[in-house]
Structure formats: C-alpha cells, structure tokens
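# A structural walkthrough
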Amino acid sequence: MTNSETPALQTINLSKKFKNFPALMPTSIEIMPGELVFLEGQNGSGKTTLLNCITYLIPPSSGEVKICGYDILREEQAARKELAFVPDVPRFYLELTAWEHLRFIAAANNSLEGFEERAENLLKDFGLWQVRSHFPHNFSRGMRLKLGLLLGLIRPSSLLLLDEPTSALDTKGTDLLIAELRRRKADGTAILISSHDSGLRKLLADRVLGISEGLVNEINLPSRAV
C-alpha cells in the first residue's frame, strides 16, 4: 500500500484520440491517499474514457499513469495490485456463481485470508447472500451492479475507481455504499467516482473535477453537510 506522501493516482498529460476526435484532452491529476474525488460531466463528456485510460482498458494516445508511484505500463503487476475498478456495466463469467466470482477475485489478488467472513458480510449487507450460489446472468441490473461493487470491495486496494456506482442501486444499497466508501476513505484508500449523483457528491467529495468535451478542470466545492 502507498504511503501518505505518494499520490495514489497520478496522470501526466494523459490524452485519447479516436481517429481525429479528441475524446480526452491532455490531463494531469493527482489523488492522494484517503482523498475522495468526484468526476462529473454530461453524457459523452469523457468521464468513462478517462477511467478507461487510467486503467489501460483503452490505451491512451499519450501520457503516463502512475498508481502509488508505479508506472502502469512499466510496472504493471505492482500497479494493478493497488488498483480496483468497477465499471458502469460490470461483466461476469458465465461459469461462475456470485460466490465463486468473489473467491476468484480474492484469490487473484492474494486476499484469501479471512475471505469467507468478509464475503459473507458483504453479501448479507448488500442483500445478495440468498443468491450467492446463483449465476449473475440471472440477476437484475441492480443485483449485477451490487455484485460488481462487491468484486471491487472484496480485496484491499490503495485506489478505487467507480463508474456510475449508484446508477441502478436502491436507497438501501446507496446508503450501504456510502458507509463502505467512508470506511475505505478513513483507512487511507483513494477513491475516484464518476457519477451524475449530486447527492453522493455532496456527502462524500473532498474535491470535484468537471469534464467537458474531454477537458478536465477543478471545480470549487461548496460547504457540505457532514
């Protein structure tokens, strides 16, 4: 895990062009451990492109990404060990049940110690315990989103990226997510959330980044309720 003086996320002139279309202008941002940053913008503004470039799900056209000081290209294994990403539409293996998905992710990240208790608590909290032996392709959209979130939460990470995490959650699920993010933040996890949910922003954000036509700018954050 990173120390408090090393950015959990650093992008340096990160950009993306699709042919001649500049989907993401050169972007340099830093997020420190324990900091929760909100990314907001209209549909098509470049939010998901930025997250996909940070994780290299889409190779950027230029720039660098460092996770806890590790270059994600030159030191990929070390960088990805610190990174957890939940996309807006989680994808699952057809052959694995909900429980098997969680165990697979924990095993892949050397996080099997205490797994069963951790998984049981998360599944019960998010209302998926009774369907732990079912296959995700039989789940509703909200249930699939919950399972996707649990895949990001089942293992420790220094940086957590979430793309529209409340888009299909009910009120209880949203409240549980807020509580979990507050715990992670207090433990030093850096969190970047892309979302249209202004209520979530008001409750959680330390900083807000706005993106429009691929250009990222810091937005002054008004006082919020604690």
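Relative to the helices and strands, Lys16 resides in strand β1 (residues 9-18). Taking the C-alpha atoms as reference, Lys16 lies 8.7 Å from Ile58; in sequence the two are 42 residues apart. Ignoring any residue separated from it by four or fewer positions in sequence, one finds Lys16 in contact with Phe21, Pro22, Ala23, Leu24, Thr49, Cys53, Ile58, Pro59, Pro60 and Ser61.

One open sheet holds the 4 strands; their spatial order is β2-β1-β4-β5, and the pairing between them is antiparallel. A strand with exactly one partner marks an edge of an open sheet, and here the two such strands are β2 (21-31) and β5 (70-71). Contacts between helix α1 (residues 47-55) and the sheet are confined to β1, β2 and β4 (62-67), with β1 contributing the most and set at about 115° to the helix.

Here we take up unusual backbone geometry. Of note, the phi angle at Asn110 is positive, near 55°, even though the residue is not glycine. Structurally, Asn110 can be placed in the loop between α3 (98-108) and α4 (115-125). A relative accessible area of 72% means that Asn110 is categorised as exposed. One non-glycine residue, Glu164, adopts positive backbone phi at about 50°. Here Glu164 lies in the loop between β7 (159-163) and α6 (171-186).

The subject of this paragraph is the nonpolar core. Counting 36 residues, the largest nonpolar core has Leu102, Leu150, Leu181 and Ile193 as its most contacted members. Apart from the residues within four sequence positions on either side, Leu181 is in contact with Leu160, Leu162, Ile191, Ile193 and Leu204. The next biggest cluster of nonpolar side chains, apart from the first, holds 27 residues, and it includes Ile29, Val37, Ile54 and Val65.

Let us look at the packing of aromatic side chains. By the definition in use, this model includes 3 aromatic pairs. Both rings, one in Tyr93 and one in Phe104, keep their centres 5.6 Å apart while their planes meet at 75°; by these two values the pair is edge-to-face. Of this pair, Tyr93 sits in the loop between β6 (83-86) and α3 while Phe104 is found in helix α3, placing the two residues 11 residues apart along the sequence. You can call Phe104 partly exposed: its relative accessible area is 39%. Considering the side-chain rings of Trp99 and Trp129, the 6.2 Å spacing of their centres and the 75° angle between planes classify their relative orientation as edge-to-face. Of the two residues, Trp99 sits in helix α3 while Trp129 sits in the loop between α4 and α5 (141-153), which places them 30 residues apart along the sequence. Taken together through their ring pairs, the aromatic side chains of Trp99, Phe115 and Trp129 make up a single cluster. Just above the ring of Phe18 sits the side chain of Lys16; from NZ or CZ to the centre is 5.2 Å. Taking NZ or CZ as reference, Lys124 lies 5.1 Å from the ring centre of Trp129, over its face.

Examined against the element boundaries, Glu180 turns out to sit in helix α6. Accessibility expressed as a relative area gives 8% for Glu180, which makes it buried. Looking at Glu180, its side chain comes within polar contact range of the side chain of Arg184, at 2.9 Å.

A few words now on the sheet that holds β7. Pairing within the open sheet is mixed, and its 6 strands lie in the order β6-β7-β8-β3-β9-β10. The outermost strands of the open sheet, each flanked by one partner alone, are β6 and β10 (215-219). Strand-to-strand, the axes of this sheet are offset by a mean angle of 20°, without reference to chain direction. Where β6 lies against β7, 4 bridges are found, and the strand directions are parallel. Bridging from a neighbouring strand, Val86 pairs with Leu162 of β7. The sheet contacts of α1 involve β3 (36-40), β6, β7, β8 (190-194), β9 (207-212) and β10, and relative to β7 the element is tilted by about 145°.

Conventions used here
- Residues numbered from 1 in each chain as written.
- Predicted model: local features only at pLDDT ≥ 70, side-chain atom pairs only at ≥ 80, totals over all residues.
- Heavy atoms only, no water.
- Helix = DSSP H or I, 4+ residues; strand = E, 2+ residues; numbered from the N terminus.
- Contact = heavy atoms within 4.5 Å.
- Pairing = 2+ DSSP bridges.
- Axes fitted to C-alpha atoms, helices over the stretch in contact; angles between N-to-C directions.
- Buried < 20%, exposed > 50% of the residue type's maximum accessible area, 1.4 Å probe, protein only.
- Core = buried A, V, L, I, M, F, W, Y, C linked by side-chain atoms within 4.5 Å.
- Phe/Tyr/Trp six-rings, centres within 6.5 Å; stacked < 30°, edge-to-face > 60°.
- Lys NZ or Arg CZ within 6 Å of the ring centre and 35° of its normal.
- Polar contact = N/O pair within 3.5 Å; in protein donor to acceptor, adjacent residues only side chain to side chain.

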